[in-house]
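Chains, contacts and geometry: an overview
What follows is each chain in one-letter form.
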Amino acid sequence: MPADTTVVIIGAGPAGMSLANFLQRRGVGCVVLEIRDRAHVEGRQRAGVIDHRAGEIFTEFGLDEQVAAGGPVETLMEIRTDGVPRMLDVPALAGGRPGRLVPQQMLVQRLIGTFLDGGGDLRFGSADVTPHDLGGDRARVTYRDADGTEHELTCDYVAGCDGFHGVSRRSIPEGELTTYAFDHGIGWFTVLADSPAPRYPLMAVSRHGFAAQFARGPRASRFYLQYRPGDDPRRWPDEHTWRQLRLRLGDESLPEGAITGREVVEMRSFVAEPMSWGRMFLVGDAAHIITPMGAKGMNLAIADAYLLARAIIDGHGLDGYSDACLRRTWDYQEFSRWFTEMVHDSGDDSAAGPFRRRLALARLDRLFRSPPAAAAFADLMAGTEV
């Protein structure tokens with residue numbers, strides 16, 4: 001392959017592979033550099049929902065069948081308050097705009113396969129990736145391959161799709177970015193278990209803390225339990241985990257099964273702005289981290305990739321890339337924080353704790369009493385226009 005290309009994409013996650021496929025479909029040359037090997041990238045277990053708007057983006061580029069085929073369509077959502085169930089038809093409230101349940105690793109696997117089948121240039125095992133000359137007329141990216149051989153690529157643009165800890169954001173000169181960070185003061189313990197899946201996605205709100213259950217196949221479930229930071233729930237005995245799930249889900253007959261996976265999820269938010277400097281454009285987690293509430297992290301990455309691809313393909317709009325992405329980013333950050341406060345015990349032991357809990361319950365109850373409130377919630381769940 002020639003060392004001269006239009007776009008060098010750093011990172012082969014959802015952001016990088018979405019962008020690579022969008023550009024490939026419109027004949028724009030790109031090279032993807034990924035530090036990990038293919039097995040690692042395709043095997044990273046992550047939950048995922050492609051919201052309706054992200055689905056439309058993939059359809060625009062003729063990728064809907066490749067990425068979403070077989071993914072269950074969203075239907076009802078069950079929300080229990082102290083064990084009392086209520087159902088919310090989110091797709092209907094959003095005007096018939098359902099999302100699809102597509103785990104992140106499945107999305108990445110499909111995007112990688114589609115890109116490579118189309119002759120795409122994806123270089124796994126690329127170490128010491130370093131962008132250069134980002135403020136000049138042409139950028140350079142150097143790296144070492146798996147054999148230790150050094151390479152250099154020149155390009156018009158560099159897309160930083162390498163996540164929060166990647167090199168892309170760090171390559172922007174100090175003082176050029178403003179960053180915002182927020183710790184939500186709670187954590188999630190996620191448990192993968194051989195337990196029959198619920199009929200509908202289930203979230204439960206109680207004075208004992210938040211819990212949720214989602215299908216991972218007909219005979220497996222992923223459970224979520226709120227915990228206080230400082231604790232390590234991975235050390236909880238299985239009996240304690242199942243006791244907490246039954247208590248919070250309000251289901252004394254919840255069937256147990258072998259626990260096959262345990263992880264903790266940090267509930268934190270981060271935004272860097274602007275999302276571009278010179279010839280570097282940040283995409284996805286390289287620019288922003290959002291809590292899992294509302295399932296917007298992967299969809300933000302897809303929306304960023306779409307906006308960058310369209311600007312490059314159309315030959316205009318790059319100057320407005322950052323502002324357009326940040327409008328959606330802050331909108332979704334607010335939604336995720338709102339959703340988090342609505343369904344989680346704040347952990348506030350002060351006199352304000354019970355008051356805040358009553359406010360959260362009133363907010364939740366409004367979804368079932370007020371059609372405009374429910375429609376606004378569903379609209380954000382379905383995804384806003386790019």
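For clarity, every value in this text was computed on a predicted model and none was experimentally measured.

Points about the overall build of the protein chain
- Along its length, the protein chain carries 12 helices and 18 strands.
- Relative to the globule expectation of 21 Å for 386 residues, the C-alpha radius of gyration of the protein chain, 22 Å, shows essentially globular dimensions.
- Seen through its C-alpha atoms, the protein chain measures out along the principal axes to roughly 65 × 40 × 40 Å.
- Within the protein chain, the proportion of its 386 residues that are buried is 49%.
- Carbon and sulfur atoms form 50% of the exposed surface of the protein chain, whose accessible area is close to 17,000 Å².
- Computed over 43 positive and 52 negative side-chain charges, the inter-centroid distance for the protein chain is 6 Å.

Topic: the environment of L361
- Here L361 lies in helix α11 (residues 352-369).
- Here L361 falls in the buried class, since its relative accessible area comes to 15%.
- Here the alpha-carbon distance between L361 and R328, two residues 33 residues apart in the chain, equals 27 Å.
- Ignoring sequence-local partners within four residues, the contact set of L361 consists of T81 and V205.

Structural notes on the pairing of strand β2 (residues 30-34)
- The element β2 is extensively covered by neighbouring structure, given that five of its five residues are classed as buried.
- Burial of the side chains of β2 extends over both faces: C30, V32 and E34 are buried on one face and V31 and L33 on the other.
- Strand direction decides the pairing type here: β2 and strand β7 (residues 121-124), joined by four bridges, are parallel. Its bridge partner lying in β7, V32 is registered against L122.

Brief notes about the sheet that holds strand β18 (residues 288-289)
- The sheet built from eight strands is open, its strands ordered β5-β4-β12-β13-β14-β11-β15-β18 with mixed pairing. Unpaired on one side and paired on the other, β5 (84-88) and β18 mark the two borders of the sheet.
- Strand direction decides the pairing type here: strand β13 (residues 211-215) and strand β14 (residues 221-227), joined by five bridges, are antiparallel. What sits directly across from A212, in β14, is Y224.
- Where helix α8 (residues 238-249) meets the sheet, it contacts β4 (77-81), β11 (178-193), β12 (202-205), β13, β14 and β15 (259-273), and its direction lies at approximately 85° from that of β14.

A word on helix α6 (residues 104-117)
- An ideal rise of 1.5 Å per residue puts 20 Å on 14 residues; α6 measures up with 20 Å between its terminal C-alpha atoms.
- Turning to α6, its buried residues are Q105, L107, V108, L111, I112, G113, T114 and F115.
- Two residues or fewer after α6 comes G119, characterised by a positive phi angle close to 85°.

Calculation criteria
- Residues numbered from 1 in each chain as written.
- Predicted model: local features only at pLDDT ≥ 70, side-chain atom pairs only at ≥ 80, totals over all residues.
- Heavy atoms only, no water.
- Helix = DSSP H or I, 4+ residues; strand = E, 2+ residues; numbered from the N terminus.
- Rg over C-alpha atoms; globule rule 2.2 N^0.38 Å.
- Buried < 20%, exposed > 50% of the residue type's maximum accessible area, 1.4 Å probe, protein only.
- Areas by Shrake-Rupley, 256 points an atom, 1.4 Å probe, with all protein chains shown as cover.
- Lys, Arg positive; Asp, Glu negative; His and termini not counted.
- Charge placed at Lys NZ, Arg CZ, Asp CG, Glu CD.
- Contact = heavy atoms within 4.5 Å.
- Pairing = 2+ DSSP bridges.
- Axes fitted to C-alpha atoms, helices over the stretch in contact; angles between N-to-C directions.
- Expected span 1.5 Å × (residues − 1).

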